[in-house]
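Below are the chains, spelled out letter by letter.
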Amino acid sequence: MYHLQIKGTDCFFFNEGSCKQNIFDEASKRQIHNQIIKAQRGIIYDRNKNILAMSLPAKTLCINPNRLFYKDNNADVRELSNILNMPHAKLKKIINNNKDRKEYYLKRHISKSLYLEISKISNPNIYFINENKRSYLGGEAFSNIIGFTDIDDNGQEGIELVNNDVLKPVDGYKKIKKDNIGRSIETIEVTNKPSPGKDLILTLDKRIQIVAYDVLKKYIQKYRAESGSIVLVEAKSGNILSMANYPSFDPEKRHTYKGLKLKNRAIHDLIEPGSTIKPFIIYAGLKNKVIDESTIIDTAPGVIKLDNQEIKDWKYLGKVSTGDIIKFSSNIGAAKVSKKLSKKQLINNLDLFGFGQSLFINLPGSKNGSLPSPNSLSESDHFSIGYGYGLSVSLMHLVNAYTILANIGSQTQLKYITNTYPDQSKQVLDGQISNIILDMMSEVVHSSDGTGKKASVSGYTVYGKTGTVRKIKNGEYNKNSHNALFIGILGDPKPKYVAAVIIREPKDREGSGGFHAAPVFGEFLQHTMRILDDIKYAGTD
């Protein structure tokens, strides 16, 4: 203002007419500002176009400290502090510290009730601007899958994070004129049009996801378990229909955004697969002709003693066939088949199932796991790989491996976004041997003495495998801490869906895949098949 006054005085002395124009131009420059036009972030849908996440208009409370600093605004400042339940001294301090600013964001994304109450204060220096706030309609069932954004609508976790460049909008700009106290009074022109973010359509099904979450919640609480996860995949397409983890967090309450609840543990946690690896060991034995379907393996005397460990079965099984190794989940039988294979044959065959590799699903926290090289295997490792110790996998790795079996040896890309990969498949296993393994796996559930009887689904055939894995605590395997697993393929007349269940650290009794995970699988799939109205699928071509 000083510059304008001096310039004006000199100007008027020499040329009053042109001076008035100069002063007008100078004032106009100070009144014209660029203002952001907020664009909408893309919507996230499930496969049926149900909205899972979207940005909604929100009001942000702004003040003009440059004007509120003066005493004639004291009453309005006090009233505002009362409405906000903010100490008057604190609000005055904010105003004093920012007295050179004409706009200050006092409270972002305020509630409707606050907005209506504050709007009653008739002071142009207390006002609102429009922003966007992310809303999550999938609730807790989806929260550690979808993730969340920050207050500026930028992806911070989950699908929101890894697809931020797709979902993120491009804001526009407009030139506006403000009055002498900083209020917008006129839009002069739009200099850049806003561009909304692109939408995502997921392969996930909201109905199935909610069922998975509710079933998990029921059993985790019943078993007093630490946590659990479920994954469901359509085998032929590779579409992931459900990824559920319990416990989760409330996406509308930011104070719950902490710890492992934030993680999609179906892809984040690495585990030893335990007995769920046995179908692949038997496949390797048949493929490399170290066993055949008629091979009988003697598990007597019920223990294999090695230098640093003992291999035992859950009960004495005596002589078992190759099919019995899967059906009864014999550690000794699987370890002996593993030892019949050369180290190279063993590891190369497990490599065919995708273990120790990226699954290319593009989710934050995804891990490759580990598969040892043949040269690094000790003699005891050569045995223990056979019953699922000595390698690490995620639950999604097991889903991927069982999906290959479900597709009779054909590998397809797992995905959670529609149309991200062409529906191409690659034959990686022997189809005839894959069918043999599936027949053996059906006995796990459908024979009277199989370990997975509780995973049965009325009207369908289930080809499955139980797994019970001791967890490492303080560097040692803890006999009281387990992961309970069941991985199953559901179909009739041929495999169609693959589902995996993990219950981490059940505490109601000693952990068991057949006792803890198999019933979760059965109840989840029974509800799911009703939702999909797939009863007509059973017994058809």
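These numbers come from a predicted model, not from an experiment. (Residues numbered from 1 in each chain as written. Predicted model: local features only at pLDDT ≥ 70, side-chain atom pairs only at ≥ 80, totals over all residues. Heavy atoms only, no water.)

The next point concerns the overall build of the chain. In terms of helices and strands, the chain carries 19 helices and 21 strands. For 541 residues, the compact-globule estimate of 2.2 N^0.38 gives 24 Å, and the C-alpha radius of gyration of the chain, at 32 Å, exceeds that figure by more than 25%. Overall size of the chain, expressed as C-alpha extent along the three principal axes, is 115 × 50 × 45 Å. Every one of the 541 residues in the chain was classed for burial, and the buried ones make up 54%. Sequence-distant contacts, at least 24 apart, represent 70% of the contacts inside the chain between residues at least 6 apart. A total accessible area of about 25400 Å² is found for the chain, and carbon and sulfur atoms account for 48% of it. (Helix = DSSP H or I, 4+ residues; strand = E, 2+ residues; numbered from the N terminus. Rg over C-alpha atoms; globule rule 2.2 N^0.38 Å. Buried < 20%, exposed > 50% of the residue type's maximum accessible area, 1.4 Å probe, protein only. Contact = heavy atoms within 4.5 Å. Areas by Shrake-Rupley, 256 points an atom, 1.4 Å probe, with all protein chains shown as cover.)

Inspection of the secondary structure assignment puts E226 in the loop between α10 (206–223) and β11 (227–234). E226 sits 171 residues away from S55 along the chain, and the two C-alpha atoms are 33 Å apart. Not counting residues up to four positions away in its chain, the partners in contact with E226 are P247, R265, R504, E505 and K507. At 2.7 Å, the side chain of E226 and the side chain of S227 are in polar contact. Here the side chain of E226 touches R265 through a polar contact of 2.9 Å, side chain to side chain. (Polar contact = N/O pair within 3.5 Å; in protein donor to acceptor, adjacent residues only side chain to side chain.)

Within the chain, residue pLDDT values average 90, and 91% of them lie at 70 or more. Throughout residues 1–8 the model reports pLDDT below 50, and contacts reaching past four residues in sequence, or to other chains, amount to five contacts. Here residues 535–541 is a poorly scored stretch, pLDDT under 50, and it has 14 contacts once near neighbours within four places are set aside; other chains count. (pLDDT = per-residue confidence, 0-100.)

Right, let's talk about the packing of helix α12 (residues 278–287) against helix α18 (residues 431–446) for a bit. Two numbers describe how α12 lies on α18: the axes approach to 10 Å, and their chain directions differ by 140°. In terms of orientation, α12 and α18 fall into the oblique class. Between α12 and α18 the crossing geometry is right-handed. On α18, the residues that touch P279, I282, Y283, L286 and K287 of α12 are I433, S434, I436, I437, M440 and M441. Across the contact of α12 with α18, the residue classes break down as nine nonpolar, one polar and one charged. (Axes fitted to C-alpha atoms, helices over the stretch in contact; angles between N-to-C directions. Parallel < 35°, antiparallel > 145°, perpendicular 65-115°, else oblique. Left-handed = near helix turned anticlockwise from the far one by under 90°. Nonpolar A, V, L, I, M, F, W, Y, C, P; charged D, E, K, R; others polar.)

Turning to the nonpolar core, a few remarks are in order. Core analysis: the largest hydrophobic core is formed by 126 residues, its most contacted members being L202, I240, M396 and I503. Residues in contact with I503, not counting those within four places in the same chain, are L216, I220, Y223, A225, S227, G228, H482, N483, A484, H516, A517 and V520. Residues L61, I94, I95 and I121 belong to the second largest nonpolar core, which totals 19 residues. (Core = buried A, V, L, I, M, F, W, Y, C linked by side-chain atoms within 4.5 Å.)

With that out of the way, let us pick up the pairing of β11. Counting buried positions along β11 yields eight of eight residues, so the element is predominantly enclosed. Going residue by residue along β11, you find S227, S229, V231 and V233 tucked away on one face and G228, I230, L232 and E234 tucked away on the opposite face as well. Two elements, β11 and strand β21 (residues 495–504), share eight bridges in a ladder whose sense is antiparallel. Bridge pairing links L232 to A499 in β21. (Pairing = 2+ DSSP bridges.)

As a further point, take the packing of aromatic side chains. One pass over the structure, following the stated rule, counts 15 aromatic pairs. Through pairs of rings, three or more aromatic residues link up here, namely F280, Y283, F353, F355 and Y402. The ring of Y45 carries the charged tip of K49 above its face, separated from the ring centre by 4.6 Å. (Phe/Tyr/Trp six-rings, centres within 6.5 Å; stacked < 30°, edge-to-face > 60°. Lys NZ or Arg CZ within 6 Å of the ring centre and 35° of its normal.)

Here the focus is a positive patch on the surface. Together, K222, K453, K454 and R509 make up a positively charged patch on the protein surface. Within the fold, R509 resides in the loop between β21 and α19 (513–531). (Patch = residues over 30% accessible without salt bridge, like charges linked within 9 Å, V, L, I, M, F, W, Y side chains within 5 Å. Salt bridge = Lys/Arg side-chain N within 4 Å of Asp/Glu carboxyl O. Lys, Arg positive; Asp, Glu negative; His and termini not counted. Charge placed at Lys NZ, Arg CZ, Asp CG, Glu CD.)

Below, the discussion takes up unusual backbone geometry. Peptide bonds are mostly trans, and most non-glycine residues show a negative phi. In this structure, P247 follows Y246 across a cis peptide bond, with omega equal to 5°. Mapped onto the secondary structure, P247 falls in the loop between β12 (240–246) and α11 (265–268). For D153, which is not a glycine, the phi torsion comes out positive at approximately 70°. Note on placement: D153 falls in the loop between β6 (148–149) and β7 (155–157). Despite not being glycine, N474 has its phi angle at roughly 55°, a positive value. Mapped onto the fold, N474 is located in the loop between β19 (461–473) and β20 (476–491). Overall, the relative accessible area of 83% leaves N474 in the exposed class.

By the element assignment, Q432 lies in helix α18. Between the alpha carbons of Q432 and N480 there is a distance of 40 Å; along the sequence they are 48 residues apart.

Together, D292, E293, D439 and E443 make up a negatively charged patch on the protein surface. Relative to the elements of secondary structure, D292 occurs in the loop between α12 and β13 (296–298). On the basis of relative accessibility, which here comes to 39%, the residue D292 falls in the partly exposed class.

Below, the discussion takes up helix α17 (residues 395–406). The first and last C-alpha atoms of α17 sit 16 Å apart over 12 residues, in line with the 16 Å expected at 1.5 Å per residue. Most of α17 sits inside the fold, with 12 of its 12 residues counted as buried. Taken together, the buried positions of α17 are L395, M396, H397, L398, V399, N400, A401, Y402, T403, I404, L405 and A406. Trailing α17 by a residue or two, I408 shows a phi angle of about 55°, which is positive. (Expected span 1.5 Å × (residues − 1).)

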